[in-house]
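# Notes for the structure review
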Amino acid sequence: MRDKSEIKILTIDDDPVVLTSIASYFEDSGYTVITAENGKVGLDMFRADHPDLMLVDIRMPEIDGLDVLAAVAEESPETPIIMVSSTNTIQDAIEALRRHAWDFVTKPVYDMEVLEHAAERAIEKAEMLKEIRTNRNKLEAQAEELKLVNEKLLSEVGEHKRTLTELKESELQLNISKDQLAELNQSLGQRVTEQTEELARKLVTDELTGLYNRLKLDTILRENCETVLLLISLDNFGQINTYYGFEAGDEILKILADFLKQHQPANSDLFRRTSSE
């Protein structure tokens, strides 16, 4: 999860005491907090400030929390919303979840850590979904690139076939031997094979470290039921990017990858699981 200071929380509640209590707790925990005293103001702030998480009371005048939930879920379904209700009825919980609430907490909140834990779970889930979407888009872009290259190769093959036909028709006039034609055909076939293999390698290789990527790992896990995994995690790696820049973080990843390659056991593979680790 990102640093708390980078996470913006919008709290909406018509009870000023509750609003101040929740905002103060999360600010003391290191989050950036903005507040709204009713649903109408809350929706305006949501559209203007794009918060990372929303804590919304259900019962409010003008626009109640369920209407706020429905509007946000339609406009930004990836924005996590936790509903906070003092009614404590199963009907409210069911209706909130039906309208795509991410969690439901009852008031009064005697232990703010319970609410903070729910907020952390929602934020982590939202970041995971964002990462999945990003990786999916990247894979789709790579697949589209591979498709275009394949189309180009097919076009080259078609052109090559036409060239061969023309050469065969004029073989006597140009005095081209069969050996020369075979060499030309073999050369083009080798080129097609090399480019196809290179594209296939790039599709399953991490560009930064040269290790296999998550797509390759998923393929191996699906095909092999007896696979032993050793996971290596870099603690607080995000702080390196924060304090020294992404170039320094990238250099550390490349050094670590080179070290692992040098000490890699036989009959084993190395993978970089995600682009954020």
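Look up: the structure comes first, before these words.
Heads up: these notes are all about the structure in this document. (Residues numbered from 1 in each chain as written. Predicted model: local features only at pLDDT ≥ 70, side-chain atom pairs only at ≥ 80, totals over all residues. Heavy atoms only, no water.)

## Describing a nonpolar patch on the surface
For clarity, the cut-off: For patch building, the residue pool is restricted to those with more than 30% relative accessible area and no salt bridge; the joining distance is 9 Å between like charges and 5 Å between nonpolar side chains (Val, Leu, Ile, Met, Phe, Trp, Tyr). In short, Shrake-Rupley with a 1.4 Å probe defines the accessible areas, and a residue's cover is counted only from the protein chains shown. Salt bridges are identified by distance alone: a Lys or Arg side-chain nitrogen within 4 Å of an Asp or Glu carboxyl oxygen. Strands are runs of DSSP state E lasting at least two residues, helices are runs of H or I lasting at least four, and both sets are numbered from the N terminus onward.
On the surface, a nonpolar cluster with roughly 390 Å² of combined accessible area is contributed by Leu230, Ile232, Leu234 and Ile252. Along the chain, Ile252 falls in helix α10 (residues 246-262).

## Describing helix α3 (residues 65-75)
The α-helix winds at 3.6 residues per turn, so residues separated by three or four positions along the chain end up facing the same way. Selection rule: For the exposure calls, accessible area comes from a 1.4 Å probe over protein chains only, and a residue counts as buried if that area is under 20% of its type's maximum, exposed if over 50%, partly exposed in between. The contact criterion used throughout is that any non-hydrogen atoms of two residues lie within 4.5 Å. In the analysis that follows, any N or O atom pair within 3.5 Å is treated as a polar contact, provided that within protein one partner can donate a hydrogen and the other can accept it, and provided that, for residues neighboring in sequence, both atoms belong to side chains.
Regarding α3, the residues found buried are Gly65, Leu66, Val68, Leu69, Ala71, Val72 and Ala73. Buried residues along α3 sit against β1 (8-12), α2 (39-49), β3 (53-57), β4 (81-85) and α4 (90-98). With a side-chain oxygen lying 3.2 Å from the backbone nitrogen of Leu66, the N-terminal cap of α3 falls on Asp64.

## Quick look at the pattern of salt bridges
Throughout the structure, instances matching the rule amount to 14 salt bridges. Between Asp57 and Lys107 there is a salt bridge whose closest N-O contact spans 3.4 Å. Residue Asp57 is found in strand β3, and its partner Lys107 is found in the loop between β5 (103-106) and α5 (112-169); the two are separated by 50 residues along the sequence. The pair formed by Asp57 and Lys107 is uniform in burial state, with each residue classed as buried. Glu78 is the partner of Arg133 in a salt bridge, and the nearest nitrogen-oxygen pair spans 2.4 Å. With a gap of 55 residues between them, Arg133 in helix α5 and Glu78 in the loop between α3 and β4 connect regions that are remote in the sequence. A relative accessible area of 39% places Glu78 in the partly exposed class.

## Description of the packing of helix α9 (residues 237-244) against α10
Spelled out, the test is: Whenever a helix is involved, its axis is fitted only over the stretch in contact; in every case the axis is a line through C-alpha atoms, and angles between N-to-C directions fall within 0 to 180 degrees. For this classification, under 35 degrees means roughly parallel, over 145 means roughly antiparallel, 65 to 115 means roughly perpendicular, and everything else is oblique. By the convention adopted, Pro, Cys, Tyr, Trp, Phe, Met, Ile, Leu, Val and Ala count as nonpolar, Lys, Arg, Asp and Glu as charged, and the other residues, Gly among them, as polar.
Packing of α9 against α10 brings their axes to within 6 Å, and their N-to-C directions diverge by 135°. With respect to each other, α9 and α10 are oriented oblique. Of α10, the residues touching α9 (which contributes Phe237, Ile240, Asn241 and Tyr244) are Phe246, Ala248, Gly249, Ile252 and Leu253. For the contact of α9 with α10, the residue count by class is seven nonpolar, two polar and no charged.

## Re the packing of helix α1 (residues 16-28) against α5
Filter applied, for reference: Two helices that cross are described as forming a left-handed crossing if the nearer one is turned anticlockwise from the farther one by less than a right angle, and a right-handed crossing if clockwise.
The contact between α1 and α5 brings their axes to 11 Å, and the two run at 65°. The angle between α1 and α5 falls in the class roughly perpendicular. Relative to α5, the crossing made by α1 is right-handed. Together, Ser21, Ile22, Tyr25 and Phe26 of α1 and Met112, Glu113, Leu115, Glu116 and Ala119 of α5 make up the contact between the two elements. When grouped by side-chain class, the residues that make up the contact of α1 with α5 number six nonpolar, one polar and two charged.

## Let's talk about unusual backbone geometry
Residues apart from glycine generally show negative phi values, whereas peptide bonds are mostly found in trans. Following Lys107, the chain continues to Pro108 via a peptide bond in cis, the omega torsion being -5°. Position of Pro108 relative to the elements: it lies in the loop between β5 and α5. Non-glycine residue Glu62 carries a positive phi angle of around 65°. Mapped onto the fold, Glu62 is located in the loop between β3 and α3. With phi around 75°, His100 is a residue other than glycine that occupies positive phi space. Tracing the sequence through the fold places His100 in the loop between α4 and β5. We classify His100 as exposed; its relative accessible area is 57%.

## Things to note about the nonpolar core
Note the cut-off: Definition of nonpolar core: a set of buried residues of the types Ala, Val, Leu, Ile, Met, Phe, Trp, Tyr and Cys, connected through side-chain atoms within 4.5 Å.
Among the nonpolar cores identified, the biggest contains 22 residues, and Leu10, Ile12, Met54, Val56 and Met83 are the most heavily contacted of them. Element by element, the count of residues in this core is highest for α3, at five residues. Ranked by size, the runner-up nonpolar core spans 18 residues in total, among them Ile22, Ile82, Val84 and Ala119.

Limitation: the analysis is restricted to geometry and does not speak to function.
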